[in-house]
Amino acid sequence: MSAGGGRVSASAGRMSAGGVVRVRTASQRRAVVSRQVVEKVVALIAPILLLALWEAAAQARLINRGFFPAPSTIAASFLVLIRTTLPTDISISLGRAAIGFVIGALPALLLGVLMGLMPLVRAALQPIAGALFAIPKVAIVPLVIVIFGLGESSKWAIIASGVFFQVLVSTTAGVANIDRIYLDVGRNYGASRLATIWTIALPGALPVIFAGVKLGWAVSLLLLVQAEMVAAKSGLGYLIWNSWQIGRIDDVYVGILTVAALGMLSFWLLDQLEAWLIPWRSRQ
């Protein structure tokens, strides 16, 4: 009886301990959910509070409204522009950014895979890529305009030149750092070079490649604005530059905030695409 009672008592102790563990786990989950809710609320409130402080300071003339128009003034300018030229400027700029991005990213992706898989190719091309990557892309704008003229080709070339190196560096690093045992297993099973690239190298390097793609898209937006300031009569960069020239500072802010909103939206879309293409990463 005593021995049996001891076993029952021990079993009850284990059940009790298990129950405590389950309670703590549920409590921890509630704490994590609560913390995430708080973080989302703070992320929502912080910009609203900043805008309210900005509006109050502008209305009280604590800041120079010639340099920092009140958010209400910027909103009024946005409502005017959204009914006139802003949708056209957005569509033109997004088209230029997308074409330049594709022109720069696709060859960079292919070359990056080759450099990651073939040490000799990497040794030959990495110094050249490093030297060209270090050149500020703004410095080559005059040369690009001389070569391609003032048409759309020059803007695509400027954007592509920045995107290319971002994607190239990330793809090369991602493929080169794949555990070689996976490549050896593929070769042992008779996988061709193309199959090795498509089924092993690219999936293994996708997380790093996507980081480069995001940086490349951000760079495309930056270079887009710079290119449109120099050699364009439309687009968000032209809107910002022309508004500054004629003293419409509130329109300058509209252009800047529109670019920021496009960047935020595009990064969210890229995150969704990454979660779809790399589902195993989101579960980590």
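Small disclaimer: the values here were computed from a predicted structure and weren't measured.

Colleague: Can you help me understand a nonpolar patch on the surface in this one?
Modeller: On the surface, V37, V41, L44, I45, I48, L49 and L53 cluster together to form a nonpolar patch covering roughly 660 Å² of accessible area. Locating V41 in the fold gives a position in helix 1 (residues 2-59). Since its relative accessible area comes to 40%, V41 is described here as partly exposed.

Colleague: Would you mind showing me how to read helix 4 (residues 119-133) here?
Modeller: Every α-helix carries 3.6 residues per turn, so stepping three or four residues along brings you back to the same face. The first and last C-alpha atoms of helix 4 sit 20 Å apart over 15 residues, in line with the 21 Å expected at 1.5 Å per residue. A maximum bend of about 35 degrees is found in helix 4 at L125, where proline P127 lies one to four positions downstream.

Colleague: Sorry if this is basic, but what is going on with unusual backbone geometry here?
Modeller: Backbone geometry follows two general trends: most residues other than glycine have a negative phi, and most peptide bonds adopt the trans configuration. Positioned with a positive phi, R61 is a non-glycine residue whose angle comes to about 55 degrees. By secondary structure assignment, the location of R61 is in the loop between helix 1 and helix 2 (71-82).

Colleague: I tried to follow the pattern of salt bridges on my own but got confused; where do I start?
Modeller: Within this structure, the stated rule accounts for six salt bridges. The salt bridge partner of R96 is E152, with a shortest N-O separation of 2.8 Å. Placement of R96 in helix 3 (residues 86-117) and of E152 in helix 6 (residues 152-176) is noted, with a sequence separation of 56 residues between them. Linking R248 and D250 is a salt bridge whose minimum nitrogen-to-oxygen distance equals 3.5 Å.

The rules we used
Sequence positions are assigned chain by chain, starting from 1 and proceeding in written order. Residue-level local features of this predicted model are given only where pLDDT is at least 70; pairs of side-chain atoms are given and counted only at 80 or more, and the full residue set underlies all totals for whole chains, interfaces and linings. Each side-chain value is worked out from all heavy atoms of the structure, with water and hydrogens disregarded. Within the patch definition used here, like charges are joined within 9 Å and nonpolar side chains (Val, Leu, Ile, Met, Phe, Trp, Tyr) within 5 Å, considering only residues with over 30% relative accessible area and no salt bridge. For the area figures, the Shrake-Rupley method with a 1.4 Å probe applies, and any residue is considered shielded solely by the protein chains shown. Salt bridges are defined by distance alone: a side-chain nitrogen of Lys or Arg within 4 Å of a carboxyl oxygen of Asp or Glu. Per the convention used, a helix needs a DSSP run of H or I reaching at least four residues, while a strand needs a run of E reaching at least two, with both numbered from the N terminus. Exposure categories follow from relative accessible area, calculated using a 1.4 Å probe and restricted to protein chains: below 20% of the type maximum is buried, above 50% is exposed, and the middle band is partly exposed. Helix span, expected: 1.5 Å multiplied by one less than the number of residues in the helix. Consider a residue and the seven residues that end there alongside the seven that start there; fitting an axis to each set, the bend is the angle between those axes.

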